[in-house]
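In case you want the letters, here they are:
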Amino acid sequence: QDTDLIMTFNISMHRSWWMENGPGCIVTLVTPIPDWAPEDHRYITVSGCLLEYQYIEVAHSSLQIIFAFCNKLWCGFLS
């Protein structure tokens, strides 16, 4: 599935790392870059992802919650 043209900063708190780095994702830099675009932006398209990044983020967060819960239980047994 191709996503729309995405304007990203090199590092931004407003986009998911998984959007560009998910399994099977192919990131293509769109050229030529428009003249009006700031230098710290890059224009990309993302295609070929096996899973949408939202599903990966949910799974990742769920795993972190499970680890935290298990850690809390383990620490409770030790003290």
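- The name given to the protein in an unreviewed UniProt entry is Sodium/potassium-transporting ATPase subunit beta-1-interacting protein, and the organism recorded there is Latimeria chalumnae.
- Listed under Sequence similarities (unreviewed entry) in UniProt, the entry text for the protein is "Belongs to the NKAIN family."
- The Subcellular location (unreviewed entry) field of the UniProt record for the protein holds the comment "Cell membrane".

1. Focus on the overall build of the protein
Now for step 1: Secondary structure assignment for the protein yields two helices and three strands.
Now for step 2: Walking the protein from its N terminus toward its C terminus, one meets helices and strands in the order β-α-β-β-α.
Now for step 3: Considering the protein as a whole, with its 79 residues, one finds that 19% of them fall into the buried category.
Now for step 4: Of the accessible surface of the protein, which amounts to about 6,400 Å², a share of 65% is contributed by carbon and sulfur atoms.

2. Details of the pairing of strand S3 (residues 41–47)
Now for step 1: Counting buried positions over the seven residues of S3 gives five, a clear majority of the element.
Now for step 2: Sheet topology places strand S2 (residues 26–29) next to S3; four bridges connect them, and they run antiparallel. The residue bridging valine 27 from the neighbouring strand is valine 46, located in S3.

3. A few points about the environment of tyrosine 53
Now for step 1: Its location among the elements puts tyrosine 53 in helix H2 (residues 53–78).
Now for step 2: C-alpha separation for the pair tyrosine 53 and glycine 22, spaced 31 residues apart in sequence, amounts to 6.5 Å.
Now for step 3: Excluding anything up to four places from it in sequence, tyrosine 53 contacts Ser16, Trp18 and Met19.

4. Comments concerning the packing of aromatic side chains
Each aromatic ring pair is described using two quantities: the centre-to-centre distance and the angle formed by the ring planes.
Now for step 1: A complete count under the given rule lists one aromatic pair for this structure.
Now for step 2: Between tryptophan 17 and tryptophan 18, the ring centres sit 5.0 Å apart and the planes meet at 80°, which makes this aromatic pair edge-to-face.
Now for step 3: Note on tryptophan 18: relative accessible area 24%, which makes it partly exposed.

Rules behind the numbers
Residues numbered from 1 in each chain as written. Predicted model: local features only at pLDDT ≥ 70, side-chain atom pairs only at ≥ 80, totals over all residues. Heavy atoms only, no water. UniProt positions renumbered as here; feature names shortened; annotations may be inferred. Helix = DSSP H or I, 4+ residues; strand = E, 2+ residues; numbered from the N terminus. Buried < 20%, exposed > 50% of the residue type's maximum accessible area, 1.4 Å probe, protein only. Areas by Shrake-Rupley, 256 points an atom, 1.4 Å probe, with all protein chains shown as cover. Pairing = 2+ DSSP bridges. Contact = heavy atoms within 4.5 Å. Phe/Tyr/Trp six-rings, centres within 6.5 Å; stacked < 30°, edge-to-face > 60°.

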